[in-house]
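Survey of secondary and tertiary structure
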Amino acid sequence: MVARFARVSIVLAALALAAVTTHDRAQAQGKLEARYVASLAGITIGRGNYVVDITDGHYTAAASGMTTGLVRVFTGGQGTSAAHGTMIGGEPISSVYASTIKTSRKTDEVRLTLNGGAVKESKVDPPIDKDPDRIPITEARYSGIMDPMSAALLRTPGNGNPLSPQACQRTLQIFDGRMRYDLQFQFKRMDKVKAQKGYEGPVVVCAVYFDPIAGHIPTRAAIRYVARQRDMEVWLAPIAGTRVLVPFRAQGPTPIGLGVVEATYFVSSPLPSRASIGGLNKTQ
């Protein structure tokens, strides 16, 4: 039972990392350092860090976390994930993604290289099992996809306020090395947040719907449970100096209470443009 709830929590955490963002190439230079606390039914079960660097045409994102309290006693979980890549016109063109999740029972590692929305290299350890009930990932399912971390770099058309309903109107096509799934976002409301340190201000709240496409076993309880949910939310806040929005909070129901991942520390700052003293562009 504990393992089942842990899997639901992992999916919720993935929703938090697969952020909806807006990006304007001319105004996309900033850095974010954030710390999050994960709770289940009001009880803290984990903590994590999230760092994002965005410069003109390049991005890096890294996250790490571990379980705490009673969940750590049962699962001893910790994990890291990171991605870096290039962009043209605000869209990820290529990326390299790596993820490692360790529990008391096993270690799961994923390495992906994507280019133009296509998988160029994929390594998973342990290998995916040959369960006949698992829906195979066909070549057609690989088209136009992103890794979970690079899914945070999407451009919203226009030059208006990125904290707007338009930020939520999208569907992300994601491949995490083992499963291909969609996350559909819809505008829900505007709200306000205040971190213990850092950001205080408005956020845009998006409803999130999880749609498993391939690589999963449809009869698995955790998959069916999350796919049925209609009350999951992601609260998006901006990175200073950019038009990028990342999750401040993500929440959703579980069989034993509300699961929440929320920032306690959310500090961002703009990065200076790369230019010479004389005002000419300078390549570094």
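Because the structure is predicted, anything quoted here is derived from the model rather than measured.

**Brief notes about the overall build of the protein chain**
Secondary structure summary: the protein chain contains 3 helices and 14 strands in total. Every one of the 284 residues in the protein chain was classed for burial, and the buried ones make up 46%. When the accessible surface of the protein chain is summed, it comes to about 14100 Å², and 54% of that surface belongs to carbon and sulfur atoms.

**So, the nonpolar core**
Ranked by internal contacts, the top residues of the largest apolar core, which has 57 residues, are Leu-32, Tyr-50, Leu-183, Phe-210 and Phe-266. For this core, the element with the highest residue contribution is strand β11 (residues 200-214), accounting for 6 residues.

**With respect to helix α3 (residues 221-228)**
Every buried residue belonging to α3 is among Ala-222, Ile-223, Tyr-225 and Val-226, and all of these are buried. The buried residues of α3 occupy an angular sector of 165 degrees when projected down its axis, which confines them to one face.

**A look at the packing of aromatic side chains**
Applying the stated criterion to the full structure yields 5 aromatic pairs. Where Tyr-142 meets Phe-175, the ring centres are 5.2 Å apart and the plane angle is 85 degrees; that geometry is what we call edge-to-face. Here Tyr-142 is found in the loop between β7 (118-125) and β8 (170-175), whereas its partner Phe-175 is found in strand β8, with 33 residues between them in sequence. Considered together, Tyr-142 and Phe-175 belong to a single accessibility category, that of buried residues. Following the ring pairs from residue to residue traces out a cluster consisting of Tyr-199, Phe-248 and Phe-266. For the cation-ring pair, Arg-35 lies above Tyr-265, with the distance from its terminal atom to the ring centre recorded as 4.1 Å. Above the plane of the ring of Trp-235 lies Arg-249, whose end atom (NZ or CZ) is 5.1 Å from the centre.

**Side note on the environment of Thr-68**
Inspection of the secondary structure puts Thr-68 in the loop between β3 (58-67) and α2 (69-75). Separated by 30 residues in sequence, Thr-68 and Ala-38 have C-alpha atoms that sit 9.3 Å apart. Contacts of Thr-68, omitting those with residues within four sequence positions, involve Thr-44, Ile-45, Gly-46 and Arg-47. A distance of 3.3 Å separates the side chain of Thr-68 from the backbone nitrogen of Gly-46, its partner in a polar contact.

**Brief notes about the pairing of β8**
Pairing between β8 and strand β9 (residues 180-194): 6 bridges, direction antiparallel. Pairing of Thr-171 across the sheet is with Gln-184, part of β9.

**Quick notes on the pattern of salt bridges**
Considering all chains together, one arrives at 9 salt bridges under this definition. Salt-bridge contacts for Glu-233 lead to Lys-188; the nearest nitrogen and oxygen are separated by 2.7 Å. Of the two residues, Glu-233 is situated in strand β12 (residues 232-238) and Lys-188 in strand β9; the sequence distance between them amounts to 45 residues. Glu-233 gets classed as buried once you look at its relative accessible area, which sits at 6%. Here Asp-191 ties to Arg-189 by a salt bridge, and the two come within 3.4 Å at their closest N and O atoms. For Arg-189, a relative accessible area of 28% gives the class partly exposed. Linked through salt bridges whose partners overlap, the residues forming this network are Lys-188, Arg-189, Asp-191 and Glu-233.

**Some remarks on the environment of Tyr-97**
Along the chain, Tyr-97 falls in strand β5 (residues 91-102). According to the relative accessible area criterion, Tyr-97 is buried, its value standing at 6%. Along the primary structure Tyr-97 and Ser-150 are separated by 53 residues, whereas in three dimensions their C-alpha atoms are 8.2 Å apart. Among residues more than four places away in sequence, those in contact with Tyr-97 are Ser-81, Ala-82, Ala-83, Val-110, Arg-111, Leu-112, Asp-147, Pro-148, Met-149 and Asp-176.

**A word on the environment of Asp-211**
Note that Asp-211 resides in strand β11. A relative accessible area of 39% places Asp-211 in the partly exposed class. For the pair formed by Asp-211 and Ile-223, sequence separation is 12 residues and the distance between their alpha carbons is 9.2 Å. For Asp-211, the contacting residues outside a window of four places in its chain are Tyr-181 and Asp-182.

Parameters at a glance
- In this numbering scheme, every chain counts its residues from 1 along its sequence in written order.
- Note on the predicted model: pLDDT of at least 70 is required for a residue's local features to be given, and 80 or more for side-chain atom pairs to be given and counted; whole-chain, interface and lining totals, by contrast, use all residues.
- Each side-chain value is derived from all of the structure's non-hydrogen atoms; neither hydrogens nor water enter the calculation.
- Numbering of helices and strands starts at the N terminus; helices are DSSP runs of H or I of at least 4 residues and strands are runs of E of at least 2.
- Classification of residues uses two cut-offs on accessible area relative to the type maximum, computed with a 1.4 Å probe and protein chains only: under 20% is buried, over 50% is exposed, and between them is partly exposed.
- The method behind every accessible area is Shrake-Rupley, applied with a 1.4 Å probe, and residues are considered shielded solely by the protein chains displayed.
- We call a set of buried Ala, Val, Leu, Ile, Met, Phe, Trp, Tyr and Cys residues a nonpolar core when their side-chain atoms join them within 4.5 Å.
- Arc, as used here, means the arc of the directions from the helix axis to the C-beta atoms.
- Put simply, two rings from Phe, Tyr or Trp (the six-membered ring, in Trp's case) pair if the centres are within 6.5 Å, and we call them stacked under 30 degrees between planes, edge-to-face over 60, tilted for the rest.
- For a Lys NZ or an Arg CZ to count as sitting over a ring, it must be within 6 Å of the ring centre and within 35 degrees of the ring normal.
- Any two residues whose heavy atoms approach within 4.5 Å are treated as being in contact.
- Polar contact is the term for a pair of N or O atoms within 3.5 Å; when the atoms are in protein, one must be able to donate a hydrogen and the other to accept it, and sequence-neighboring residues count only if both atoms are side-chain atoms.
- A pair of strands is labelled paired if DSSP reports no fewer than 2 bridges between them.
- Any Lys or Arg side-chain nitrogen found within 4 Å of a carboxyl oxygen on Asp or Glu counts as a salt bridge.

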